[in-house]
Amino acid sequence: MRKTRAYISSLGMYVPEKRVTNQDLASIVETSDEWIRERTGISERRFVAEGQSNSDLSTIAAQRCLERAGVDPEEIDLIIVPTVTPDMMFPSTACLIQDRLGAKNAWGFDLSGACSGFLYGLACGTQFIETGACKKVLVVGTDVMSSIVDPQDRATCVLFGDGAGAVLLEPAAEAGIGIVDFILRADGSGGPYLKMPAGGSRKPPSIETIQNREHYVHQDGRTVFKYAVKYMADVSADLLKRNDIDPQDIKLFVPHQANMRIIKSTADRLKLRNEQIAVNIDRYANTTAATIPICLFEYQEKGSLSKGDLVVLASFGAGFTWGSILLRWGL
Ligand code: ACO
């Protein structure tokens, strides 16, 4: 008997209205539009308005996703929310979204996988569909990075933005479409290179942690860059090889949008053509768990994807965490 496959049956996204250009940041820290564009490929990003939170963004993305599918929120079985910037430590953002959607038959949880969170969440949701435990799973990659980026640190404040992207997973009725395979990895020894040191049980909030600016993202950019390229390229190559697929046959490669140079170097290692690579980092910067679903939404919207197309998703982030997912597009 054919295994039930999960497929992405709908998508939705939301980014806050407030645009922050490179020039805007150059008026706060010592940087320039030219430096940011050359080193990262970013032109602007969106930041939440005062009082706007993660669940505000992610609820809209989820609503839009369900509306496009014509699915009633009460039909949802499970809500998975990859994020590192929840509204609060608990209750989970998944519970906040569940309530605001009126998804009263759903259970859900947040998932801490940093920039790989969406791939972790997608692979996780897929299992619930494949086993038959769930029929409709929402995966909402969402982050408000402006809440944890040090506005005085030019090495990090230019890199990130806020946004949310949602996908609906359902059992594929047709053979040949859906999530085909995935490889996910973690290496906790990379933890010190990218982290938010305080705010958890190791270093609860105190005057000292605030004075030391430990509630912000800290990273060794060069080390992160190096591993991001190698690991995203290697894991994608392994995944393609074990499925006997030539990289040239991929319709769209959707890498985590962290830095245009990381994206280019990864794609070069895989010997991909420019038209195979999904890019929108110029407009949104790095929205952490949201980059891949937002990118997928936009490429679907502009008609770049057709049913049966081979799509490869790849990510790398704090942990270190990384991975790749292969799918045959089902819309
Ligand atoms: N404007 C101007 N100068 C800057 C800025 C800035 N915004 N930021 C850093 N610089 C300076 C540095 O201070 C340094 O100056 P110095 O030589 O006088 O000390 C110089 O630029 C070069 O710094 P590097 O860190 O070597 O610059 P690099 O070319 O590596 O680019 C960057 C830095 C963009 C952070 C890069 O390392 C990077 O993108 N790393 C990946 C980090 C990342 O994407 N993290 C996100 C989370 S993980 C993920 O999503 C994959």
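Rules and cut-offs
- Going along each chain's sequence as written, the residues are numbered from 1 onward.
- Two thresholds apply to this predicted model, a pLDDT of at least 70 for residue-level local features and 80 or more for giving and counting side-chain atom pairs, whereas whole-chain, interface and lining totals are computed over all residues.
- The basis for the side-chain values is all heavy atoms of the structure; hydrogens and waters are excluded.
- Pairing between strands is defined by DSSP: at least two bridges between the two strands are required.
- Working definition: helices are DSSP H or I runs of at least four residues, strands are E runs of at least two. Numbering for both runs from the N terminus.
- Lines fitted to C-alpha atoms define the axes, with helix axes restricted to the stretch in contact, and inter-axis angles between N-to-C directions lie between 0 and 180 degrees.
- Contacts are assigned to residue pairs with any non-hydrogen atoms lying within 4.5 Å of each other.
- Under the scheme applied here, a residue whose accessible area is under 20% of the maximum for its type counts as buried, over 50% as exposed, and between as partly exposed, the area being computed with a 1.4 Å probe on protein chains only.
- Here, the arc refers to the directions that run from the helix axis to the C-beta atoms.
- We call a residue near a molecule or strand as soon as one heavy atom of that residue lies within 4 Å of the molecule or strand.
- In the analysis that follows, any N or O atom pair within 3.5 Å is treated as a polar contact, provided that within protein one partner can donate a hydrogen and the other can accept it, and provided that, for residues neighboring in sequence, both atoms belong to side chains.
- Using a 1.4 Å probe, the Shrake-Rupley method yields the accessible areas, and only the shown protein chains count as cover for residues.
- How far each domain reaches was decided by an automatic or database domain assignment.
- What counts as buried area is the accessible surface, traced by a 1.4 Å probe, that two parts surrender upon association, with contributions from both included.
- Any angle that is under 35 degrees is reported as roughly parallel, and any over 145 degrees as roughly antiparallel; angles of 65 to 115 degrees are reported as roughly perpendicular and all others as oblique.
- Two helices crossing with the near one rotated counterclockwise from the far one by less than a right angle form a left-handed crossing, whereas a clockwise rotation gives a right-handed crossing.
- In this count, Pro and Cys sit with the nonpolar residues alongside Ala, Val, Leu, Ile, Met, Phe, Trp and Tyr, while Asp, Glu, Lys and Arg are called charged and the others, Gly among them, polar.
- Here, expected helix span is obtained from the residue count minus one, scaled by 1.5 Å.

Draft legend 1. The sheet that holds strand S12 (residues 310-317), seen in detail. With mixed pairing, the four strands of this open sheet are ordered in space as S8-S13-S12-S11. Since the sheet does not close on itself, it has two edges, and those belong to strand S8 (178-186) and strand S11 (252-255), each with one partner. For this sheet, the mean inter-axis angle between neighbouring strands, taken without regard to orientation, is 10 degrees. Sheet topology places S11 next to S12; four bridges connect them, and they run parallel. When the bridges of S12 are listed, Leu 252 appears paired with Val 311. On the sheet, helix H5 (residues 117-130) packs against S8, S12 and strand S13 (321-328) and is oriented at approximately 130 degrees with respect to S8. Here helix H8 (residues 221-242) sits on the sheet in contact with S8, S11, S12 and S13, set at roughly 150 degrees to S12.

Draft legend 2. Fine view of helix H2 (residues 33-40). Those residues of H2 that sit buried are Asp 33, Ile 36 and Thr 40. Seen end-on, H2 carries its buried residues on one side only, within an arc spanning 80 degrees. Relative to its buried face, H2 has exposed residues pointing more than 90 degrees away, namely Glu 34 and Glu 38. Against the buried residues of H2 lie helix H1 (22-26), strand S3 (44-47), helix H9 (260-269) and helix H10 (281-284). Looking at the residues trailing H2, positive phi occurs at Gly 41, about 85 degrees.

Draft legend 3. Spatial organisation of the site of the ligand. In the neighbourhood of the ligand, 24 residues make up the surrounding shell, with Thr 31, Arg 39, Arg 222, His 256 and Asn 259 lying closest. Within the backbone of Arg 154, one N or O atom sits 2.9 Å away from a nitrogen atom of the ligand. For the ligand, an oxygen atom lies 3.2 Å from a polar atom in the side chain of Arg 261. Surface burial for the ligand is 76%, taken as the share of its 1000 Å² of free accessible area covered by protein chains. Contributions of two or more residues to the shell around the ligand are made by H2, helix H6 (154-157), H8 and H9. Looking at which domains feed residues into the shell around the ligand, each of domain 1 (6-171) and domain 2 (178-328) gives three or more.

Draft legend 4. Structural detail: the domain arrangement of the protein. For the protein, the assigned domains are domain 1 (6-171) and domain 2 (178-328). The C-alpha-based centres of domain 1 and domain 2 are spaced at 14 Å. Summed over both sides, the interface of domain 1 with domain 2 buries roughly 3800 Å², with 66% coming from carbon and sulfur. The largest per-residue losses of area from domain 1 upon contact with domain 2 belong to Met 13, Cys 115 and Leu 119, which jointly make up 17% of the total buried on that side.

Draft legend 5. Layout of the packing of helix H3 (residues 54-69) against helix H4 (residues 93-101). As a packed pair, H3 and H4 sit with axes 9 Å apart at the nearest point and diverge in direction by 55 degrees. Overall, the two elements H3 and H4 adopt an arrangement that is oblique. The element H3 and its partner H4 pack so that their crossing is right-handed. Of H4, the residues touching H3 (which contributes Asn 54, Ser 55, Asp 56, Ser 58, Thr 59, Ala 62, Gln 63 and Leu 66) are Thr 93, Leu 96, Ile 97, Arg 100 and Leu 101. When the residues that make up the contact of H3 with H4 are grouped by side-chain class, the tally is five nonpolar, six polar and two charged.

Draft legend 6. Structural detail: H3. Between its first and last C-alpha atoms H3 spans 23 Å; for 16 residues at 1.5 Å apiece the expected length is 22 Å, and the two agree. Asn 54, Ser 55, Leu 57, Ser 58, Thr 59, Ala 61, Ala 62, Cys 65 and Leu 66 are the residues of H3 that are buried. Looking at the packing, one finds that the buried side of H3 touches strand S1 (6-14), H4, strand S6 (137-144) and strand S7 (162-171). One or two residues past the end of H3 sits Gly 70, with phi positive at roughly 65 degrees.

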